[in-house]
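For reference, the chains in residue letters:
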Amino acid sequence: MSEVVVKPVAYNHDGRSYEGRLVYVEGSKPSRGLLMAPNFKGISPLAIEVASQQVNKDRVILVLDPYGVEFHSASDDQLREEMQRTVQDNAGLRSRLQAAYEVLKTEATAMGVKADNLAVFGFCFGGACVLEMARAGVPMKAFVSLHGLLQTPNPEQSKTPAGPVLVLNGADDPLVSEATRLAFEAEMTGIGADWQLVNFGGTLHAFTDPYANIPGRTQYNPVVARRAFAMMHDLFDEVMA
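Here's a quick rundown of the structure. (Residues numbered from 1 in each chain as written. Predicted model: local features only at pLDDT ≥ 70, side-chain atom pairs only at ≥ 80, totals over all residues. Heavy atoms only, no water.)

As for the layout of surface pockets
Part 1 of the argument: In this structure, the largest pocket occupies an estimated 570 Å³ of space.
Part 2 of the argument: As for the largest pocket, its lining consists of 23 residues, and the residues nearest its centre are Asn 39, Phe 40, Arg 80, His 205 and Thr 218.
Part 3 of the argument: Sorting the residues of the lining of the largest pocket by element identifies helix H1 (45–54), helix H2 (76–88) and strand S9 (213–214) as the ones contributing at least two each. (1 Å grid on protein atoms, 1.4 Å probe; cavity = no way out; pocket = protein on both sides within 12 Å on 5 of 7 lines; lining within 4 Å. Points joined across faces, edges and corners; volume = space filled by probe spheres on them. Helix = DSSP H or I, 4+ residues; strand = E, 2+ residues; numbered from the N terminus.)

What follows is the structure in structure tokens.
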């Protein structure tokens, strides 16, 4: 069985140092490049575990660094505070996500991936990052949000996404209200997006996270997780070479 390689990738943006993780199968010649936006914990063991599970010989995955290297050893409380600061600067968030896209393009094309055969997926806060990339017009083949946050501060500025948008949502997620969901659906329709939102019944926030277990808030659901990842890869198979 081929070994999964996890390679640090350093980059700089707007005066801050970042270090993502490039995940690929040793000796592979991938045809697809995937950007993964992790949950609020950023570059964490869980993020690397997930990327390693989703990679194969046809895919190379870059786990983006949402906050910078100074936060790699930060506490959960510090990371939550930084996430809030990041969300409040939407233009700055989109700019750093664009930088991560450029890093993926550079690393993936160096491995033989065509520069236009890229897609992005993310979890929780990372799901919100995915949707901001879609709204910003980043040229990805597809955008997949798994139990992500849906709101954006300036929906009137959203552009038509470059590829289809798939939102995989827990119907009982306390972080996604019905009003927020309906506003998102109206926004996507209004900008002419190719969008789909799947509500998994009886499912809370963070349903793909094996360590999620906060009663009434977060709960791992292995059945829903399997279905969600299958839907994600089905979309990638549809739109990517």
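We are not done yet, so read on.
A word on the pairing of strand S6 (residues 143–146)
Part 1 of the argument: Alternating positions in S6 separate into two faces, Phe 143 and Ser 145 on one and Val 144 and Leu 146 on the other, with burial throughout.
Part 2 of the argument: Pairing of strand S5 (residues 118–123) with S6 involves four bridges; the strand directions are parallel. Residue pairing in the sheet places Gly 122 in a bridge with Ser 145 of S6.
Part 3 of the argument: With helix H4 (residues 125–136) bridging S5 and the parallel S6, this β-α-β connection has right-handed handedness.
Part 4 of the argument: Bridge analysis of S6 against strand S7 (residues 165–170) gives four bridges, and the strand direction is parallel. Counterpart to Ser 145 in the pairing with S7 is Val 167. (Buried < 20%, exposed > 50% of the residue type's maximum accessible area, 1.4 Å probe, protein only. Pairing = 2+ DSSP bridges. Right-handed = clockwise from strand over helix to strand, strands pointing away.)

Let's talk about H4
Part 1 of the argument: An ideal rise of 1.5 Å per residue puts 16 Å on twelve residues; H4 measures up with 17 Å between its terminal C-alpha atoms.
Part 2 of the argument: With eleven of twelve residues buried, H4 lies mostly within the body of the structure.
Part 3 of the argument: Regarding H4, the residues found buried are Phe 125, Gly 126, Gly 127, Ala 128, Cys 129, Val 130, Leu 131, Glu 132, Met 133, Ala 134 and Arg 135.
Part 4 of the argument: Once H4 finishes, Gly 137 follows within two positions and takes phi at roughly 80°, a positive value. (Expected span 1.5 Å × (residues − 1).)

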